[in-house]
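# Fold and contact review
Chain residues, written in single-letter form:
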Amino acid sequence: MQVLLSKEYRDGMGTPDQTELASDLLTLYGRIRRTLLTGQADEVTASQTAALGRLLRYGETTVADLARAEGVRPQSMGATVQALEDLGLVERRPDPADGRRSLVHATDDGARARADAWASRTRVLADRLDGLADDDRDTVARAIAILVPLTER
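Here goes a summary of the coordinates provided. Because the structure is a prediction, the values reported are computed rather than measured.

Here we take up the packing of helix α2 (residues 18–37) against helix α6 (residues 108–130). Packing of α2 against α6 brings their axes to within 9 Å, and their N-to-C directions diverge by 115°. Viewed along their axes, α2 and α6 form a crossing whose handedness is right-handed. Here α2 contributes T35, L36 and L37 to the contact with α6, which in turn contributes R121, V124, L125 and R128. Its residues assigned to classes, the contact of α2 with α6 shows four nonpolar, one polar and two charged.

Time to look at the pattern of salt bridges. For the structure shown, the criterion picks out nine salt bridges. Among the salt bridges present, the one from R68 reaches D65, with a minimum N-O distance of 2.2 Å. Remark: D65 and R68 occur in helix α4 (residues 63–70); sequence separation between them is three residues, near one turn of the helix. Residue D65 is classed as partly exposed on the basis of its relative accessible area of 32%. Sharing partners across several salt bridges, the network here consists of D95, D98, R100 and R101.

Attention now goes to a nonpolar patch on the surface. Residues L28, I32, L125, L129, L132, V140, I144 and V148 make up a contiguous nonpolar surface patch of roughly 560 Å² in combined accessible area. Elements represented by at least two residues in the nonpolar patch include exactly α2, α6 and α7 (134–147). Along the chain, I144 turns up in helix α7. Judged by relative accessible area, which is 49%, I144 ranks as partly exposed.

Criteria and cut-off values
As a convention, each chain's residues are numbered from 1 in the sequence order in which they are written. Under the rules for a predicted model, residues below a pLDDT of 70 receive no local features and side-chain atom pairs below 80 are neither given nor counted, while totals for whole chains, interfaces and linings still include all residues. Note: side-chain values were computed over all heavy atoms of the structure, leaving out hydrogens and water. All axes are obtained by fitting lines to C-alpha atoms, using only the stretch in contact for helices, and the reported angles, taken between N-to-C directions, cover 0 to 180 degrees. The helix and strand labels rest on DSSP assignments: H or I over at least four residues marks a helix, E over at least two residues marks a strand, and numbering proceeds from the N terminus. A crossing counts as left-handed when the near helix is turned anticlockwise from the far one by less than a right angle, and as right-handed when that turn is clockwise. By definition in these notes, contact holds between two residues if any of their heavy atoms fall within 4.5 Å. The classification used treats Ala, Val, Leu, Ile, Met, Phe, Trp, Tyr, Cys and Pro as nonpolar, Asp, Glu, Lys and Arg as charged, and all other residues, Gly among them, as polar. Salt bridge, as applied in this entry: a Lys or Arg side-chain nitrogen positioned within 4 Å of an Asp or Glu carboxyl oxygen. Buried, partly exposed and exposed residues are distinguished by accessible area as a fraction of the type maximum, computed with a 1.4 Å probe on protein chains only: under 20%, between the cut-offs, and over 50%, respectively. For patch building, the residue pool is restricted to those with more than 30% relative accessible area and no salt bridge; the joining distance is 9 Å between like charges and 5 Å between nonpolar side chains (Val, Leu, Ile, Met, Phe, Trp, Tyr). Per-residue and other accessible areas follow the Shrake-Rupley method at a 1.4 Å probe size, with only the shown protein chains counted as cover for residues.

The following block contains the structure:
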């Protein structure tokens, strides 16, 4: 297992530079993601989950707008939406403002599937956090508060 952060930093004797810290964050992100996906029998990929989540948070939209919001090509998002539609998690309907386009929205099954997957992953992390000492859980909470603004720039 790769050790995160240098020994000096872990021992409180130094501060890593931004590149070291960014690398450690990416490594940890990957480990957390793999932890949450291990043993999951989800039919839904990460990109499909992200698209479904965005539809549930922000409501119906076009494939092109969804692609822009997720930072992918419209063709890629088209394939993602088609897979979600095949699973019954989203539906398309004609755009009343422009008959050449369609609007995509999450179905009730899509909302349930997303909620179930979220609950399952939350339980996995909650179980892991339960093994930490109270002061370590407090540190995790503080770290989250510090990290959130990194995603909002």
